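Architecture at a glance
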Amino acid sequence: MRLAEVEAAIRDALDRINRPDPAYTIDRRPRGDGTPHVEGEGPFFDLVVDDDGMERSRETVDGHELLFRLLCREMRLRAMAEERRTCTVTAPGWLGALRRLWPGALDGLIGSDDYSRGTWIDGHIRLMGHLRSDWGARVHTENDTMLRRYPLTRAEHENFRRLDLRAFGVK
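Residues numbered from 1 in each chain as written. Predicted model: local features only at pLDDT ≥ 70, side-chain atom pairs only at ≥ 80, totals over all residues. Heavy atoms only, no water.

1. Describing the nonpolar core
- By size, the foremost hydrophobic cluster in this structure holds 32 residues, and its most contacted members are Ile10 and Leu66.
- Sorting the residues of this core by element identifies helix H1 (3–16), strand S2 (44–51), helix H2 (63–86), helix H4 (117–131) and helix H5 (133–149) as the ones contributing at least two each.
- Per-element accounting of this core gives the leading share, 8 residues, to H2.
- When near neighbours in sequence (up to four residues on either side) are disregarded, Ile10 contacts Tyr24, Ile26, Leu67, Leu70 and Leu71. (Core = buried A, V, L, I, M, F, W, Y, C linked by side-chain atoms within 4.5 Å. Buried < 20%, exposed > 50% of the residue type's maximum accessible area, 1.4 Å probe, protein only. Helix = DSSP H or I, 4+ residues; strand = E, 2+ residues; numbered from the N terminus. Contact = heavy atoms within 4.5 Å.)

Listed below in structure tokens is the structure:
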């Protein structure tokens, strides 16, 4: 695959989830914020992550793997945004800043929310599976591996909810 073919396939995938973006292009220069960019025109590409002026990773991939990786990131971000959109926060706003400075210190004492990594992970798997069943299976396996190392907390298990992804064409 050439870079233009990967971009066209990503635009097609965005159409399939009811989020058309006819102007979508792959970043070819670093943003410096951890967003991956691509070097090369194909059939092999360097997928590079640059953060704060430092190259964090560089990996050579073919066009099919590049397509998977970029769509995987795109669908993960969409699933996470949907989880955030449906999250119920019962804590006062000022508590969020305090929790960032002192994580876990006031858990259970003042307000809570129903955040769960399990919620967005499930949504991510379903979005990728909607695009291609083997991609959904691959993301499922990758997340299972990560969850064995970093299991969901009790609260994340209790707060799991299945996202309504019908707006993305997912049943």
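The discussion continues.
2. Considering the packing of H2 against H5
- Between H2 and H5, the least distance of the axes is 12 Å, while the angle of their chain directions is 65 degrees. Relative to H5, the element H2 lies roughly perpendicular. H2 and H5 meet at a crossing whose hand is right-handed. Two secondary-structure elements touch here, H2 through Glu65, Leu67, Phe68, Arg69, Leu71 and Cys72 and H5 through Trp135, Arg138, Val139 and Glu142.
- In terms of residue class, the contact of H2 with H5 is made up of 6 nonpolar, no polar and 4 charged. (Axes fitted to C-alpha atoms, helices over the stretch in contact; angles between N-to-C directions. Parallel < 35°, antiparallel > 145°, perpendicular 65-115°, else oblique. Left-handed = near helix turned anticlockwise from the far one by under 90°. Nonpolar A, V, L, I, M, F, W, Y, C, P; charged D, E, K, R; others polar.)

3. Looking at the environment of Met146
- Inspection of the secondary structure puts Met146 in helix H5.
- In this structure, Met146 is in contact with Arg117 and Ile121, ignoring residues within four places of it in sequence.

4. Remarks on the pattern of salt bridges
- With the rule as written, the count across this model stands at 19 salt bridges.
- Across the pair Glu156 and Arg117 runs a salt bridge whose closest N-O atoms are separated by 2.9 Å. A residue pair is termed long-range when its members are at least 10 positions apart, and Glu156 in helix H6 (residues 154–158) and Arg117 in helix H4 qualify at 39 residues.
- When its relative accessible area of 7% is taken as the criterion, Glu156 is described as buried.
- By relative accessible area, which is 16% here, Arg117 ends up buried.
- Between Asp122 and Arg162 there is a salt bridge, with the nearest N and O atoms lying 3.5 Å from each other. Placement of the pair is Asp122 in helix H4 and Arg162 in the segment after H6, with a sequence separation of 40 residues.
- On the accessibility criterion, Arg162 (55% relative accessible area) is exposed.
- Counted as one network, the salt bridges with shared partners bring together Glu59, Glu65, Arg69, Arg138 and Glu142. (Salt bridge = Lys/Arg side-chain N within 4 Å of Asp/Glu carboxyl O.)

5. Observations concerning the pairing of strand S1 (residues 33–39)
- Looking at chain direction, S1 and S2 are connected through 5 bridges and run antiparallel. In the sheet register, His37 faces S2, and the bridge partner there is Val48.
- Here S1 folds back onto S2 in antiparallel fashion, the turn holding 4 residues, of which Gly40 has a positive phi close to 110 degrees. (Pairing = 2+ DSSP bridges.)

6. Observations regarding the packing of H1 against H2
- Packing of H1 against H2 brings their axes to within 10 Å, and their N-to-C directions diverge by 35 degrees. For the element pair H1 and H2, the recorded crossing hand is right-handed. For the pair formed by H1 and H2, the contact residues are Leu3, Val6, Ala9, Ile10, Ala13 and Leu14 on the first element and Gly63, Leu66, Leu67, Leu70, Leu71, Glu74, Met75 and Arg78 on the second.
- Of the residues contributing to the contact of H1 with H2, the split by class is 11 nonpolar, 1 polar and 2 charged.

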